[in-house]
Amino acid sequence: MKRVLAAVAASLAIAALAPANAAEARPIPEAGLSIEDVIAFLKAEGFDPKVEKGDDGTRYVQAQAASGVKFEVDLYDCAEGRCRAVQFISSFDLEQPLGLEKANDWNRTKRYVRVYLDNAGDPIFAYDANVSPGGTFEALRDDLDVFLQFLPEMLQHIGW
């Protein structure tokens, strides 16, 4: 009987701890991230982000990885200054176009990060992440880590 009571007590203790651990996750607001949220997130991760504007006037965030490679965070599915998706991007200006076969080889053999070519044949590597509803900053950190882990492979693939 004592063993049964001890097992029940242990189970209750574990169950009581589960919500506390789940509560530690920092949820992303239901409406998504603002550009200011992205800046704060990247600063907290040790980056020095800057807000830039594209040719069409759209704002995005630019930062630099430890390897020296610049990357962008573009925001998508936005309403009233909050965005429900982000895209991590690294693009490279090559002396010679990468070529469709080489780009397709990447997309055929890699998961998560895909590559496409701009009009000059330069590669643009992209990783999409939905951040809302239900996203957390911990999940966003994981998405960023996945993207950054691919940087050495990107550089090798394009001969950078």
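Predicted model, so just to flag it, every value in this text is computed and none were measured.

Chemist: Tell me what's going on with the overall build of the protein chain, and back it up with residues and numbers.
Modeler: Tallying secondary structure elements over the protein chain gives 5 helices and 6 strands in all. When the elements of the protein chain are put in sequence order from the N terminus, they spell out α-α-β-β-β-β-α-β-β-α-α. Across the 160 residues in the protein chain, those meeting the buried criterion constitute 38%. By sequence separation, contacts in the protein chain at least 24 residues apart represent 55% of the contacts at least 6 residues apart. When the accessible surface of the protein chain is split by element, carbon and sulfur atoms take 52% of a total near 10000 Å².

Chemist: Give me unusual backbone geometry: which residues, what numbers.
Modeler: Here the amide bond leading from serine 132 into proline 133 is cis, since omega sits at 10°, within 30 degrees of zero. Although it is not a glycine, glutamate 80 sits at a positive phi angle of roughly 55°. Of note, glutamate 80 is situated in the loop between β3 (70-79) and β4 (82-91). Glutamate 80 sits in the exposed class, given a relative accessible area of 84%.

The rules behind the values
- Residues numbered from 1 in each chain as written.
- Predicted model: local features only at pLDDT ≥ 70, side-chain atom pairs only at ≥ 80, totals over all residues.
- Heavy atoms only, no water.
- Helix = DSSP H or I, 4+ residues; strand = E, 2+ residues; numbered from the N terminus.
- Buried < 20%, exposed > 50% of the residue type's maximum accessible area, 1.4 Å probe, protein only.
- Contact = heavy atoms within 4.5 Å.
- Areas by Shrake-Rupley, 256 points an atom, 1.4 Å probe, with all protein chains shown as cover.

These values are about where atoms sit, not about what they do.
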